[in-house]
Amino acid sequence: MAIEDSPESRLRYGEELRSRREGAGLTQEELSVRAIMSRTHIAHIEAGRRRPTLDDARRLDDVLEAGGVLVRFLPSRGEGRAAERFAEALELEQRATMIRTYAPRLVPGLLQTKAYAREIFRAWFPPMSAEESDALLVTRLARAKVFDDIKSPVVWYLLDEAVLRRPVGSPAVMCAQLRHIADLGESGRIRVHVLPFAAGQHVLDGFVSLMWFNDLPPVAYVEGVSTGKVLEDPTVVRGCQALYEHALGDALSHLRSLALIRSVADDYEHAEQS
């Protein structure tokens, strides 16, 4: 039976790894060289702050001659529901010192106004109850508390122009939503870049949120249809970061992006009045 991934199971796994490493007479640095991993990554695993990948576990097991124990007792995330998989990303989001997000079609959760978020939940399929919608709305709005600190986290948004142009709810909802984003950008609390339609095809094709921390290695959170996954493998995370930077190079500057957002908000206001 698989062991469910949780803070407690990671901590127990880390204690087992440390015990076997010390029993083998190896330092973290020595183990990192033999297992082809960074010493910092091993330190995070032993402290229960990181879950090793299956390949990590296999290499650690081989080096420590653990007889498969470090593979068999590797905490597993399993499939679960998308909401459950998102829980880990939400926790990491609250701890991050820097967040860089790319959104291909909808306003990211941290930026959503109450009215915009409610329209998103209203369009959910299969439909959810009013109680479920209200509970999700409270959680989504609470996430924005990370903006209460004027310095941390440092947050950048790369928004496809479709985010601005795709109507969610009424023109009034869209107008208020876009002005909310512009207000945050003009206050200096966030940095916004719009990837215009004129840029054509680009390398990013799905939602991705990159996060950095003081006490953890960086991670990437990606979403697809009814799926969400936190990526921890350093090579994969660096690849996501490179794709983000590549797309950012085709985006409008912060100031030009804010001007475009304001302009589209004005268009929605005129549509509402007419």
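For the structure, see preceding data.
1. Observations concerning the nonpolar core
Inference 1: Counting 45 residues, the largest nonpolar core has F147 and L164 as the members making the most contacts within it.
Inference 2: Per-element tally for this core: the top contributor is helix α10 (residues 171-187), with seven residues.
Inference 3: Setting aside anything within four residues of it in sequence, one finds F147 in contact with L110, L111, V155, Y157, L184, R189 and I190.
Inference 4: The next biggest cluster of nonpolar side chains, apart from the first, holds 15 residues, and it includes A35, I45, L64 and A66.

2. Some thoughts on the packing of helix α7 (residues 114-122) against α10
Inference 1: Direction vectors running N to C along α7 and α10 enclose 125°, while the axes themselves pass 8 Å from each other. Judged by the angle between their axes, α7 and α10 are oblique. Classified by chirality, the crossing of α10 by α7 is left-handed. Contacts between α7 and α10 involve A115, Y116 and E119 from the first element and V173, M174 and Q177 from the second.
Inference 2: The class makeup of the residues in the contact of α7 with α10 is four nonpolar, one polar and one charged.

3. Focus on the side chain of H41
Inference 1: Locating H41 in the fold gives a position in helix α3 (residues 39-46).
Inference 2: Setting aside its immediate chain neighbours within four residues, H41 contacts R50 and D56.

4. Examining the packing of aromatic side chains
Inference 1: Inspection of the entire model under this criterion finds two aromatic pairs.
Inference 2: Arranged with centres 5.8 Å apart and planes meeting at 50°, the rings of F121 and W124 form a pair that is tilted.
Inference 3: The exposure class assigned to F121 is buried, which follows from its relative accessible area of 2%.
Inference 4: Each ring, one from F207 and one from Y221, has its centre 6.4 Å from the other, and the planes form 75°; the classification is edge-to-face. Placement of the pair is F207 in the loop between β3 (190-195) and β4 (208-212) and Y221 in strand β5 (residues 219-224), with a sequence separation of 14 residues. The pair formed by F207 and Y221 is uniform in burial state, with each residue classed as buried.
Inference 5: Sitting over the face of the ring of W156, R100 holds its NZ or CZ atom 3.8 Å from the ring centroid.

Basis of the calculations
- Residues numbered from 1 in each chain as written.
- Predicted model: local features only at pLDDT ≥ 70, side-chain atom pairs only at ≥ 80, totals over all residues.
- Heavy atoms only, no water.
- Core = buried A, V, L, I, M, F, W, Y, C linked by side-chain atoms within 4.5 Å.
- Buried < 20%, exposed > 50% of the residue type's maximum accessible area, 1.4 Å probe, protein only.
- Helix = DSSP H or I, 4+ residues; strand = E, 2+ residues; numbered from the N terminus.
- Contact = heavy atoms within 4.5 Å.
- Axes fitted to C-alpha atoms, helices over the stretch in contact; angles between N-to-C directions.
- Parallel < 35°, antiparallel > 145°, perpendicular 65-115°, else oblique.
- Left-handed = near helix turned anticlockwise from the far one by under 90°.
- Nonpolar A, V, L, I, M, F, W, Y, C, P; charged D, E, K, R; others polar.
- Phe/Tyr/Trp six-rings, centres within 6.5 Å; stacked < 30°, edge-to-face > 60°.
- Lys NZ or Arg CZ within 6 Å of the ring centre and 35° of its normal.

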